[in-house]
Amino acid sequence: MYALVDCNNFYVSCERVFAPQLAGRPVVVLSNNDGCLISRSDEAKALGLKMGEPYHLVRPLLEQQQVRVFSSNYALYGDMSRRVVQVLSNFAAELEIYSIDEAFLDFSGMSLLAPDLPAYGIRVKKTVLKHTGIPTCVGIAPTKTLAKLANRLARRQATTGVLVLSTSEQWEPALAATPVADIWGVGRRYGRKLQEMGILTGAALAALPEHWLRRHLGGVVGQQLWHELHGQPCQGWNPAEWDEDDQLQPAASRRHSITCTRSFGRPQHEAAVLAEAIATFVARAAEKMRRQGLSAHLITVILGTDRYAPTAGPTTHTGVVSLPVSTNDTAALTQAALHGLHRLRRPGTAYHRAGVLLSGLEPAAQAQLGLFAAPAADQPRRQQLMATMDKLNARFGRQLVGLAAAGVAKDANGQPKAPAWAGRSAYCSPRYTTGWHELWRVG
């Protein structure tokens, strides 16, 4: 049996933990650069606000209905997600982090510890709420696909926020009540195709022969979906792994690339400003890569112009730099990225966004050496330097220690000052749990 634990309106819930007076009030969270709605409370949804709506278009409605607006605060959301995962790790031998607000628990072999699955699910839900303040829903079923379905129905129908679909008598009516496009693994494109063929519900899809799904829904993927819908687990399992700091991290084997991109608050022309932005993005991506024990062969620099400009031609421009030996050293990656930026940037061009993509990932401990190049003599010292820098930033706050190429401006409290390229973030809450000068004060 598998359980899917999903945090309700996660970004909004994180904000409400530190502003409990917002309970029952409509709240929305905006994307990077305060662009569009990416999280809505149930009260905001009841007002007709849609996911992805541009902020500037719905702003009059938000003001009229006194909706509380927050800029995205990913430092807070990431830390709250980590806390939720730490709590969930106490309820199952293995856990898979599916996204920032979702995790699968493997309940295999737990019949003695959890003979009453609905009660166990309620216990999970109450414990997460008690220790983190984050409300959740729990769906339990024999496969991950059915657990996803159970979670969806628990959110919409179950009064306890927990739903167990352990037998075909339980999941078949649930499939019949679910549009086929909402079945996990079907997706929008296949959903339209199935609806055109008269297959409208999950039950209708499950009633088809196995060979039909294999033929029409992507071969082996369709065949696996058929088994999942009949209670036979086929989805892969990627358990979270404990790092050296006793924190659970997603399985590194799932990573094929690591990206860090941002839109600017205003267009940028200057080479120095663009270089600081690229260096900052490299530092963040490299830190994430080291945390997962990986190194990269390729780094792609991304620059974007105004996608709404009337001029013809592409608005996203990329330059790829190949490294002779894979690395996760921030300094080496920054040097390569700035070289790529120099080749890619066009003087006088206004850029609205930028980013980096690290690819060609492989385990750092098994990095393929160059055919003619000997390992750098100072490599152990560089690795120790990166590890020390990561520990300092993890303990005292992101960007406390970094390369000068990423900018060195500080505010009156000695904290990193918002750079010239920073996106709009007019409604951002403090980093209550990760910034020493922004800790939550009571009283």
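Only a predicted model underlies this, so the values are computations on that prediction, with no experimental measurement involved.

This part is about empty space enclosed by the protein. Scanning the model with the defined rule gives one cavity of 30 Å³ or more in all. Its boundaries defined by the atoms lining it, the largest cavity holds a volume of some 60 Å³. Lining the largest cavity, in full, are V5, C7, S81, V84, V85, L88, S99, I100, D101, E102 and A103. Secondary structure elements with two or more residues in the lining of the largest cavity: β1 (2–7), α4 (74–88) and β6 (102–106). When residues in the lining of the largest cavity are grouped by element, the largest group, four residues, is from α4. Split by residue class, the lining of the largest cavity holds seven nonpolar, two polar and two charged.

So, on to the UniProt feature "domain: UmuC" (unreviewed entry) in the protein chain. As recorded in UniProt, the sites labelled "domain: UmuC" (unreviewed entry) are residues 2–187. Within the segment residues 2–187, helix and strand shares are 41% and 20% respectively, and the terminal C-alpha atoms sit 22 Å apart.

At a minimum axis separation of 10 Å, α4 and helix α5 (residues 117–132) run at an interaxial angle of 135 degrees. Relative to α5, the element α4 is oriented oblique. Classified by chirality, the crossing of α5 by α4 is right-handed. Across the interface between the two elements, M80, R83, V84, V87 and L88 of α4 pack against V124, T127, V128, H131 and T132 of α5. Per-class residue counts for the contact of α4 with α5 are six nonpolar, three polar and one charged.

It is worth spelling out the sheet that holds strand β4 (residues 68–70) at this point. Strands sit in the order β3-β2-β4 across an open sheet of three strands; the sheet is mixed. Both edges of this open sheet fall to β3 (37–40) and β4, since each of them pairs with a single strand only. Across the sheet, the mean angle separating the axes of adjacent strands is 25 degrees when strand polarity is ignored. With three bridges connecting them, strand β2 (residues 27–30) and β4 associate as parallel partners. By the bridge assignment, V28 is partnered in β4 with V69.

Most of strand β7 (residues 136–141) sits inside the fold, with six of its six residues counted as buried. Side chains T136, V138 and I140 of β7 all project onto a buried face; the interleaved residues C137, G139 and A141 project onto the opposite face, where all are buried too. In this sheet, β7 lies alongside β1 in antiparallel orientation, the contact comprising six bridges. Bridge pairing in β7 places Y2 opposite A141. Here β7 pairs with strand β8 (residues 162–164) via three bridges, running parallel.

Calculation rules
- Residues numbered from 1 in each chain as written.
- Predicted model: local features only at pLDDT ≥ 70, side-chain atom pairs only at ≥ 80, totals over all residues.
- Heavy atoms only, no water.
- 1 Å grid on protein atoms, 1.4 Å probe; cavity = no way out; pocket = protein on both sides within 12 Å on 5 of 7 lines; lining within 4 Å.
- Points joined across faces, edges and corners; volume = space filled by probe spheres on them.
- Helix = DSSP H or I, 4+ residues; strand = E, 2+ residues; numbered from the N terminus.
- Nonpolar A, V, L, I, M, F, W, Y, C, P; charged D, E, K, R; others polar.
- UniProt positions renumbered as here; feature names shortened; annotations may be inferred.
- Axes fitted to C-alpha atoms, helices over the stretch in contact; angles between N-to-C directions.
- Parallel < 35°, antiparallel > 145°, perpendicular 65-115°, else oblique.
- Left-handed = near helix turned anticlockwise from the far one by under 90°.
- Contact = heavy atoms within 4.5 Å.
- Pairing = 2+ DSSP bridges.
- Buried < 20%, exposed > 50% of the residue type's maximum accessible area, 1.4 Å probe, protein only.

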